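Chain residues, written in single-letter form:
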Amino acid sequence: MIDWRLGPAIVLALTGCVPAAAGPASISARPQPVRAPVQPAPVPVQAAPAPLPPAVITIDGPFSQGGLARGTAPEGTVSLTLDGRQVAIAPDRRFLIAFDRDAAPTATLEARLEDGRTARRTLTVAPRAWRIERLDRVAKYPVPSADFQRRRPGELAQIEAARAIESPVEGWRQRLVWPVTGRISGLFGAQRIYRGEPGSYHSGVDVARPSGTPVVAPADGVVVLAAASPFTLEGNLLIIDHGMGLNSAFLHLSRIDVPVGTRVRQGQTVGAIGATGRASGPHLHWAMKWRDARIDPLLIAGPMPN
C-alpha cells in the first residue's frame, strides 16, 4: 500500500511511471515536411513533316494515232519514259511525245523523281479511220531494177543516220506552219491492198503545186540531210531536225537551197517543189517523224490555210 503522504515525486518513482524527458527523441517525432515529387522535363514534340505535293505529269490532249503532244514533267524528275522508252526532258521540264500511225490504244508515261517517288499516267490513244484502196488486179510490188537494188541500201542508211541526230534546237516547241500551201493531193496513212496483201501506207501529206514553188521550214531546226543527188524514190531529199527527236522530210524537190549543218528559221525558204524521184507530177511530200513514230503533218500544222 502506497503512502500518498510521501508526495507525487515519491509516488511516481515507486510506480515506475517516469515522465518523458525533452530531447532528441521528442524532436524526431515531429512531422516532416512533404516534398512534391520531381516532375521529368517535358520532351519537345516534333511537328510531323508537311506532306509532299502530289507528283503530276501534265500533258495536252486529246491523243490520237499519228498525233503529237507536249507536256511538263513533275519537279524533281530524273527520268521520264513512254512505254518503257526514255523521253528527253528540257531544262524547264517540258517534253515532247508522239504516236505512230498504228499506235496501240493506250500508252503509259512514267516519271521517276529524285526523292524516289514515281508519277504514272495512262494515255488513251484514239484510233483513226484510214483511207484504204483495194486493188484486186494489181500485184503488190513491181520487179525492182538492178540499179535500185544496188543503190537503195545506201540511201536508207543515210536517211536512218540523219533521223538519229537530235540537235539542241527549239523548233519542237513551236506551232508548225505549212511549208507550202495548196491542194492536198495525198493523205497521211492512206493505204492500198493489192490482191488482199497490204502495201506500205502513205507516210506523209502531199501538196500539189507547180515546180519551182518555194518550200519553207515549218519550224526552226538544223539541216541533217541534203541529198547531193536524187534518191531513187525520194528524189532530191531534205531533212530538218527540229530537236527532241522531231524531224521533217521534204521529198521530190526540184532544188535544195540549204546545205547540211545549216540552222534554219521558221518560214525560211529551204528549197522548191519538183517531181524528182518516183513522182507522177510536181508536188511536195512532207513527212514527219518523232523517233521511230511516223506522224501526220496535217494534225501537227492544222488545216490547210485558204
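Residues numbered from 1 in each chain as written. Predicted model: local features only at pLDDT ≥ 70, side-chain atom pairs only at ≥ 80, totals over all residues. Heavy atoms only, no water.

What follows deals with unusual backbone geometry. Excluding glycine, residues mostly have negative phi values, and the peptide bonds linking residues are mostly trans. The omega angle of the peptide bond from G61 to P62 is 0°, so this bond is cis rather than trans. With respect to the helices and strands, the residue P62 is situated in the loop between β1 (58-59) and β2 (63-64). (Helix = DSSP H or I, 4+ residues; strand = E, 2+ residues; numbered from the N terminus.)

Our next topic: the pairing of strand β4 (residues 77-82). In the case of a regular strand, side chains alternate between the two sheet surfaces. Counting buried residues in β4 gives five out of six residues, a clear majority hidden from the surface. Pairing analysis gives five bridges linking β4 to strand β7 (residues 106-113), with the strands arranged antiparallel. Residue pairing in the sheet places S79 in a bridge with R112 of β7. The turn joining β4 and strand β5 (residues 85-86), which pair antiparallel and follow one another in sequence, is formed by two residues; a positive phi near 50° is taken by D83. (Buried < 20%, exposed > 50% of the residue type's maximum accessible area, 1.4 Å probe, protein only. Pairing = 2+ DSSP bridges.)

Moving on: the pairing of strand β11 (residues 191-194). Looking at chain direction, strand β9 (residues 132-135) and β11 are connected through four bridges and run parallel. Paired with I132 across the two strands is Q191, which belongs to β11. Note: β11 against strand β12 (residues 197-198), two bridges, orientation antiparallel. By the bridge assignment for β12, Y194 is matched with E197.

For the rest of this paragraph, the subject is the environment of L298. Counting through the fold element by element, L298 comes out in helix α4 (residues 297-301). Between the alpha carbons of L298 and V205 there is a distance of 7.2 Å; along the sequence they are 93 residues apart. Excluding its chain neighbours within four sequence positions, the residues that come into contact with L298 are W178, I184, L187, V205 and P303. (Contact = heavy atoms within 4.5 Å.)

Honestly, that's just the spatial picture; any functional story needs more than this.
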